[in-house]
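Examination of the molecular architecture
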Amino acid sequence: MRWRTVALTGGAAVGAAALFNEAAVHGVGPLANPLGGEEGTWHWRGHRVAWTRRGAGPAVLLVHAIHAAAWSYEWRHAVDRLAAAHTVWTVDLLGFGRSDRPAARYSAALYVALLDDFAREVVGAPCALVGSSLSGAYTAALAARDARRFPALVVVTPTGVRHLAWPPNAATQALRTAIESPFLGTTLFNGLVSRPSLRLFLEQAYRRPGWVTDALVDAHYATAHQPNARFAPAAFVGMALNLNVRDALRRLEQPLLVTWGAHAREVPRAELDGWRELRPDAEVAEFESGSLPHDECAEEWCTRVVQFLARIRHGTPTDEGALAGQA
């Protein structure tokens, strides 16, 4: 009787989980381009990678952050403003957004290679790199390889010096394996990216009251419930996407602008101190925002970035005000 009860209880739990997983994706369709402009796909290592292009002028490549519901949607308030002076490219990294999401062994090295090839084959011209959070580390590593192809680097609340800089351990690898598993992993991931969970995450990421709307939650929910959405985030949770950029920052030759949300919670303030220590010549601009100043303070952030890039093009020395760290 005891084993029969256990079996019945287990069967009920499996059935409930199956219903939960089915309900989680009900009504979720393919993602539309949230940025407008020209859009296309690039085939890389047998997979489709989605991109957009806006504006005209010197090229800028925007790379979104890494988290369970990440995609280029985070640039929606920045692309128009930047496109007034630049050709603005965005790319959804493999495993995120409108790009394919294969069950691949995602790693930091894979993403750096993807960005390197994308800049060479699709952008096809020198471009400034702009990376958000963990992708700030990826763009820093890439920029350090070739100052001619990547004449400037802008990072947004970046990681890679003290935070998200260390390799995975046995516990994080086990968690990655669990999330990648077909049934248990799907259930775990759907719990992680439920609407209440995403709302809590977004309320931590943004500072301004009322910024986290139902529409914002829905946009993140939609991308987090595309087919195979769990695989790249599983690698992130498993710490396989971490990248230490200390050596890259020491080699970096080109001008660097570090932008920071003064009220960011996900990335500790010590990370900014680490970037300053390694690159004391970098410009630093802080904004009254959470982790995404390019979204929450888009006008001020874009103005600062455009001014920074214009000074580089025209060879204007950085003034003391630019180094004051205030925007």
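Up top is the structure.
One structure accompanies this document, and this report is about it. Keep in mind that this is a model prediction, so the values were computed, not measured. (Residues numbered from 1 in each chain as written. Predicted model: local features only at pLDDT ≥ 70, side-chain atom pairs only at ≥ 80, totals over all residues. Heavy atoms only, no water.)

Further remarks concern helix H5 (residues 170-180). For H5, the complete set of buried residues consists of Thr172, Arg176, Ile179 and Glu180. Each buried residue of H5 sits inside an arc of 100° when the element is viewed along its axis, so together they form one side. Residues of H5 that are exposed and angled more than 90 degrees away from the buried face: Ala170, Ala171 and Thr177. Buried residues in H5 make contact with helix H6 (184-192) and helix H9 (231-237). Its side-chain oxygen placed 3.1 Å from the backbone nitrogen of Ala171, Asn169 serves as the N-cap of H5. (Buried < 20%, exposed > 50% of the residue type's maximum accessible area, 1.4 Å probe, protein only. Helix = DSSP H or I, 4+ residues; strand = E, 2+ residues; numbered from the N terminus. Arc of directions from axis to C-beta. Contact = heavy atoms within 4.5 Å. Polar contact = N/O pair within 3.5 Å; in protein donor to acceptor, adjacent residues only side chain to side chain.)

Moving residue by residue along a regular strand, the side chains alternate between the two faces of the sheet. Of all 5 residues in strand E8 (residues 283-287), 5 are buried; the element is thus mostly enclosed. Burial along E8 is two-sided: the face carrying Glu283, Ala285 and Phe287 and the face carrying Val284 and Glu286 are both buried. As defined by bridge partners, strand E7 (residues 256-261) adjoins E8 across 5 bridges and the pair is classed as parallel. Note that in E8 the partner of Gly261 across the bridge is Phe287. (Pairing = 2+ DSSP bridges.)

With that out of the way, let us pick up the nonpolar core. Membership of the largest hydrophobic core comes to 60 residues, with the highest contact counts inside it found for Tyr111 and Tyr138. It is helix H3 (residues 108-123) that provides the largest number of residues to this core, a total of 11 residues. Core analysis: the next-biggest nonpolar cluster, separate from the first, contains 23 residues, Trp75, Val88, Leu257 and Trp301 among them. (Core = buried A, V, L, I, M, F, W, Y, C linked by side-chain atoms within 4.5 Å.)

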